[in-house]
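Descriptive structure summary
The chain contents come next:
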Amino acid sequence: MFNAKHRETREREQLTKDLRRALKAGDLRVVYQPILDAKREQTVAIEALCRWRHMTRGDIPPAVFIPIAEETGLIAALGEFVLRRACGDARNWPNVILSVNVSPQQFETERFPKVVREILTETGLEPTRLELELTENLLIADLELACGKMRSLQELGVRLALDDFGAGHSSLNYLLSLPFDKLKIDRIFVSKIETGAASAAIIHAIVGIGRALGMHVTAEGIETAEQEQFLRIAGVHSFQGFRFCRPIEAAEISKRLAAEDGACKREVRLALAG
Ligand code: C2E
Ligand code: MG
Ligand code: MG
């Protein structure tokens, strides 16, 4: 028992060292997952997701390395790296929104709004094309302070999404107190649509609240045609999930958007000809 605990601690320490080195050496990457408009099935947004291929252990999932980065203070540097890289890449993708995840610890730093402003200026991405995804367990410490920070970002034109909605605590209180533009329904509810009436009821309720408050509602983790159909009827605005596209490299996103663009122009030409 003691040995297992000891081994775990040692392993975490080693991973922390390796993560620090990877961050310095530029060994982290960013991949992107499209978010589609529920009506037209066109990409309307792209979520940036960080990836780490460890030199000996292979791919380490974000569910493992993000908490380590959060606990050790590396998250601010990691978050800046992702934001800078993603904003730079998104310059090549006009007309779509770029969504970037922001950790609680990153958001809480005093300089966060300044960092966002600087990166936008440096990369030349229009602020209205950037959306930051915050999670529910984020802002408990000081709602008023968080609200002020959110408003200063929104004044720039940046949008704010509440990620993993329903999976954490105090969600409804956040909706009362904080100015979110978008809600992302957590994957846990989507994955249980086919098997549980409760999930379906909760999704209807979330969409109802989101729409009533004038927010855009996205569902994440869509894997099946049945889930897609249910969510479309429920009134979700946009879709994200392996059913449409897994997270892919920036170059693949560019190709995908170019192909969609071609198809769209073709549709317009056909409509004009018809
Ligand atoms: P998230 O922000 O909720 O991102 C969506 C996660 O769901 C991604 O996992 C994505 O690959 C996965 N996903 C998307 N569609 C499906 C689907 O249809 N089925 C299933 N099973 N999964 C799907 P990923 O990339 O492993 O990231 C996990 C979490 O790690 C993210 O959840 C986010 O909270 C965090 N994360 C990832 N990149 C960053 C980052 O750059 N900064 C911060 N702060 N957190 C990050
Ligand atoms: Mg997210
Ligand atoms: Mg999420």
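Our subject is the structure listed above.
Anyway, here's the lowdown on the structure attached to this text. These numbers come from a predicted model, not from an experiment. (Residues numbered from 1 in each chain as written. Chains lettered and ligands numbered in written order. Predicted model: local features only at pLDDT ≥ 70, side-chain atom pairs only at ≥ 80, totals over all residues. Heavy atoms only, no water.)

Quick notes on the overall build of the protein
- Scanning the protein for helices and strands turns up eleven helices and nine strands.
- Computed over C-alpha atoms, the radius of gyration of the protein comes to 20 Å, within 12% of the 19 Å expected from 2.2 N^0.38 for 274 residues, which places it in the range of a compact globule.
- Its C-alpha atoms give the protein principal-axis dimensions of roughly 70 × 40 × 40 Å.
- Burial status across the protein gives 46% buried among its 274 residues. (Helix = DSSP H or I, 4+ residues; strand = E, 2+ residues; numbered from the N terminus. Rg over C-alpha atoms; globule rule 2.2 N^0.38 Å. Buried < 20%, exposed > 50% of the residue type's maximum accessible area, 1.4 Å probe, protein only.)

As for the coordination of the magnesium ion (ligand 2)
- Each protein donor to the magnesium ion (ligand 2) is listed here as E47 (OE), N101 (OD1), E133 (OE) and D163 (OD); together their distances run 2.0 to 2.2 Å.
- Look at where the donors of the magnesium ion (ligand 2) fall in the sequence and you get E-x53-N-x31-E-x29-D. (Donors = N, O, S within 2.8 Å, 3.2 Å for Na, K, Ca; no water.)

Here we look at the site of ligand 1
- As a matter of local geometry, ligand 1 sits amid 22 residues, with E47, R51, N101, E223 and F242 nearest to it.
- In this structure, an oxygen atom belonging to ligand 1 sits 2.8 Å away from a side-chain N or O atom of N101.
- Measuring from a nitrogen atom of ligand 1, one finds a side-chain N or O atom of S103 at 3.1 Å.
- If ligand 1 stood free it would expose 800 Å²; the protein chains cover 83% of that surface.
- In terms of residues, the shell around ligand 1 owes the most to one element, strand β2 (residues 43–54), which gives four residues.
- Looking at the shell around ligand 1 residue by residue, the classes come out as nine nonpolar, five polar and eight charged. (Near = heavy atom within 4 Å. Polar contact = N/O pair within 3.5 Å; in protein donor to acceptor, adjacent residues only side chain to side chain. Areas by Shrake-Rupley, 256 points an atom, 1.4 Å probe, with all protein chains shown as cover. Nonpolar A, V, L, I, M, F, W, Y, C, P; charged D, E, K, R; others polar.)

What to know about the pairing of strand β4 (residues 97–102)
- Counting buried positions over the six residues of β4 gives five, a clear majority of the element.
- Sheet topology note: the β2/β4 ladder contains four bridges and is parallel. Bridged to I46 within β4 is L98.
- Looking at chain direction, β4 and strand β5 (residues 130–135) are connected through five bridges and run parallel. Note on β5: the bridge partner recorded for N101 is E133. (Pairing = 2+ DSSP bridges.)

Digging into a nonpolar patch on the surface
- A cluster of nonpolar side chains, contributed by L172, I209 and L213, occupies part of the molecular surface with about 270 Å² of accessible area.
- Looking at where L213 falls in the secondary structure, it is placed in the loop between α9 (197–212) and β8 (216–219).
- Judged by its relative accessible area of 48%, L213 falls in the partly exposed class. (Patch = residues over 30% accessible without salt bridge, like charges linked within 9 Å, V, L, I, M, F, W, Y side chains within 5 Å. Salt bridge = Lys/Arg side-chain N within 4 Å of Asp/Glu carboxyl O.)

In short, the description is geometric, and any link to function would need to be established separately.
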